[in-house]
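The residues making up each chain are set out below.
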Amino acid sequence: IVASLASISLAQGASWEELTKRSISLYRAGRYDEAIPMARKALEATEAAFGPDHPMVAKSLNNLAQMYTSRGEPEKAEPLFERARSLLEKTLGKDHPDIAPTLNNLAGLYMDEGRYAEAESLYEKALSIREKSLSPDHPDVATSLNNLAVLYVRQGQHEKAEPLYQRALSIREKALGKNDPDV
C-alpha cells in the first residue's frame, strides 16, 4: 500500500486523503470487505478532484490493486496495477522513482502467479530506478534487492539470490543499525 500520501491543501483533495486513510486502516486491520469499497470511493474522489490522469490517481489504483491481491483476486488487481503503471509513466516518465512501488507490486503479483520472467523484468526495472534516483545504499534499494532475491529463491536459483540478500542486509545494517527489527 502506498502510504506516503502527499500533503493536499485542496478541499476536494482532503476528501480523497481521508477516504484513503480509512481504506488503508481497514486494510491493515484485515477488514478487506470494508477496505475495498472505501478504496474504490477514494479512487473516485481522486479522479473527481484531480482528473483521471493525475499521479494521485495512480496511488489510489495501486492501493486498490494491492487490496485485491491480498484478498486473492489477482484478476482484479492486475489491470489496476497496469493502469497505475501506465499513468505514472505517462505523467512522470518511465524512470521516475514514484513508479518503483507499483512495479514491485505488479512483479509480486506475477511472481505469485508463476510468471517469473515478467516478475524478474519488473523487479529489475524497479531496482534500476531506485539505484539511479536514490543512493545505492538507500533502504528502498535494499527492498528491491530483497524482492528480486525472493523471486530467485522461488525458482530454486539460490546462487543468484545470495549476493542480493547479502547486499540488502549490508544496506539495511548501514542505514538502520544491526539491531533494527527491519534488519
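Here goes a summary of the coordinates provided.

## Points about the packing of helix α5 (residues 100-112) against helix α6 (residues 116-133)
Contact geometry of α5 with α6 gives a least axis separation of 8 Å together with a crossing angle of 160°. The orientation of α5 relative to α6 falls into the category roughly antiparallel. As for the relative orientation of α5 and α6, their crossing is left-handed in sense. The residues of α6 that touch α5, namely those facing A100, P101, L103, N104, L106, A107, G108, Y110 and M111, are Y116, E118, A119, L122, Y123, K125, A126, I129 and R130. Along the lines of polarity and charge, the residues of the contact of α5 with α6 split into 13 nonpolar, two polar and three charged.

## A few points about the packing of aromatic side chains
Counted according to the given criterion, the structure contains one aromatic pair. Measuring from ring centre to ring centre gives 5.4 Å for Y27 and Y32, while their planes differ by 40°; the resulting arrangement is tilted.

## Some thoughts on a nonpolar patch on the surface
Nonpolar side chains collect at one region of the surface, where L169, L176 and V183 lie side by side and expose about 200 Å² of accessible area between them. Relative to the helices and strands, L176 resides in helix α8 (residues 158-176). Given the relative accessible area of 35%, L176 is considered partly exposed.

The rules behind each value
- Residues numbered from 1 in each chain as written.
- Predicted model: local features only at pLDDT ≥ 70, side-chain atom pairs only at ≥ 80, totals over all residues.
- Heavy atoms only, no water.
- Axes fitted to C-alpha atoms, helices over the stretch in contact; angles between N-to-C directions.
- Helix = DSSP H or I, 4+ residues; strand = E, 2+ residues; numbered from the N terminus.
- Parallel < 35°, antiparallel > 145°, perpendicular 65-115°, else oblique.
- Left-handed = near helix turned anticlockwise from the far one by under 90°.
- Contact = heavy atoms within 4.5 Å.
- Nonpolar A, V, L, I, M, F, W, Y, C, P; charged D, E, K, R; others polar.
- Phe/Tyr/Trp six-rings, centres within 6.5 Å; stacked < 30°, edge-to-face > 60°.
- Patch = residues over 30% accessible without salt bridge, like charges linked within 9 Å, V, L, I, M, F, W, Y side chains within 5 Å.
- Areas by Shrake-Rupley, 256 points an atom, 1.4 Å probe, with all protein chains shown as cover.
- Salt bridge = Lys/Arg side-chain N within 4 Å of Asp/Glu carboxyl O.
- Buried < 20%, exposed > 50% of the residue type's maximum accessible area, 1.4 Å probe, protein only.

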